[in-house]
Amino acid sequence: NEKTIFLYQGGLDDGRGIEILLDAFKTMEIGGSVIVFMGYGPLENLIKNASDKYKNIFFHKAVSPNLLLEYTSSADFGLLFYENTCLNHYYCSPNKMFEYLMAEIPVIVSNLYEMKKLVEKNNIGIVAQKNTPNGLKKAIKKAVLLDKVELKENIHKVKKIYNWEEQEKVLLKIYTEIE
């Protein structure tokens, strides 16, 4: 309860900003801020080694999908720090973004086209201006000062739009127009 928990969940792989997140939290000056990495992948040992050396870096193995929402909702912010290494990342709209929102936690994202558009349009978190450790730290400083009540209200609005039940209607409409 006394910590601000920043969560990265998903694939622990290159291009996801794992090294940037680690570097930022290794030198974090914002007291009480911790990062939890939850998932699996090639960078798992890098994270485990960092968690052994730094008291504000934690690793948690991946959990089953039926438990994911419970774990995710215990965080204060979800992190999506994809690197601009290809057009796929530049235009990505990761499932994790919507998992964070369904768990009702605000997000901090890298400055990439689709993620930035969703966050800024709906005021559901912070977009880091630079995809660097210092850029993340600046975004975190802004994020912890955000109005939590306003964030919750905005996330509730977004949840009503970007959920399977509503998006299914959009998809079915497109299918019927094709016929």
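1. With respect to the overall build of the protein chain
Each helix and strand in the protein chain was counted, giving 9 helices and 6 strands. Taken over C-alpha atoms, the radius of gyration comes to 16 Å for the protein chain, in line with the 16 Å a tight globule of 179 residues would show. By its C-alpha atoms, the protein chain is 60 × 35 × 30 Å across when sized along the principal axes. Buried residues in the protein chain amount to 41% of all 179 residues. Within the protein chain, contacts between residues at least 6 apart in sequence are counted, and of these 63% link residues at least 24 apart. Carbon and sulfur atoms form 53% of the exposed surface of the protein chain, whose accessible area is close to 10300 Å². Charge separation in the protein chain, taken as the distance between the mean sites of 23 positive and 23 negative side-chain charges, equals 5 Å.

2. Some thoughts on the layout of surface pockets
By volume, the largest pocket amounts to about 180 Å³. Lining the largest pocket, in full, are Ser73, Ala75, Asp76, Phe77, Ala103, Glu104, Ile105, Pro106, Lys148, Leu151 and Lys152. Looking at which element gives the most residues to the lining of the largest pocket, the answer is helix α8 (residues 148-161), with 3 residues. Across the lining of the largest pocket, the residue classes break down as 6 nonpolar, 1 polar and 4 charged.

3. Focus: helix α6 (residues 113-122)
When α6 is considered as a whole, its buried residues turn out to be Met115, Leu118, Val119 and Asn122. Taken down its axis, α6 places every buried residue within 90° of arc, on the same side. Buried residues along α6 sit in contact with β4 (77-80), α5 (95-102), β5 (107-109), β6 (125-127) and α8. Once α6 ends, the next one or two residues include Asn123, with phi positive near 50°.

4. Remarks on the packing of helix α1 (residues 18-26) against helix α2 (residues 44-53)
The geometry of α1 relative to α2 is characterised by a closest axis approach of 11 Å and an angle of 5° between their N-to-C directions. The angle between α1 and α2 falls in the class roughly parallel. Of the residues in α2, those touching α1 at Ile18, Glu19, Leu22 and Lys26 are Leu46, Ile47 and Ala50. Counted by class, the contact of α1 with α2 contains 5 nonpolar, no polar and 2 charged residues.

5. Some remarks on the environment of Leu68
On the secondary structure map, Leu68 appears in helix α3 (residues 65-72). A sequence separation of 111 residues divides Leu68 from Glu179, and the C-alpha atoms of the two residues are 38 Å apart. Look past the residues within four positions of Leu68 in its chain and what remains in contact with it is Gln9, Met38, Val63 and Glu99.

6. A word on the pattern of salt bridges
The tally for this structure, following the rule as stated, stands at 7 salt bridges. As a salt-bridge pair, Glu99 and Lys96 come within 3.1 Å of each other at their nearest N and O atoms. One end of the pair, Glu99, and the other, Lys96, are both in helix α5, 3 residues apart, so they sit about a helical turn from each other. Residues Lys159 and Glu104 are paired through a salt bridge, measuring 2.8 Å at the closest nitrogen-oxygen approach. In this pair, Lys159 sits in helix α8 while Glu104 sits in the loop between α5 and β5, placing the two residues 55 residues apart along the sequence. Note on Glu104: relative accessible area 21%, which makes it partly exposed.

Conventions used here
Residues numbered from 1 in each chain as written. Predicted model: local features only at pLDDT ≥ 70, side-chain atom pairs only at ≥ 80, totals over all residues. Heavy atoms only, no water. Helix = DSSP H or I, 4+ residues; strand = E, 2+ residues; numbered from the N terminus. Rg over C-alpha atoms; globule rule 2.2 N^0.38 Å. Buried < 20%, exposed > 50% of the residue type's maximum accessible area, 1.4 Å probe, protein only. Contact = heavy atoms within 4.5 Å. Areas by Shrake-Rupley, 256 points an atom, 1.4 Å probe, with all protein chains shown as cover. Lys, Arg positive; Asp, Glu negative; His and termini not counted. Charge placed at Lys NZ, Arg CZ, Asp CG, Glu CD. 1 Å grid on protein atoms, 1.4 Å probe; cavity = no way out; pocket = protein on both sides within 12 Å on 5 of 7 lines; lining within 4 Å. Points joined across faces, edges and corners; volume = space filled by probe spheres on them. Nonpolar A, V, L, I, M, F, W, Y, C, P; charged D, E, K, R; others polar. Arc of directions from axis to C-beta. Axes fitted to C-alpha atoms, helices over the stretch in contact; angles between N-to-C directions. Parallel < 35°, antiparallel > 145°, perpendicular 65-115°, else oblique. Salt bridge = Lys/Arg side-chain N within 4 Å of Asp/Glu carboxyl O.

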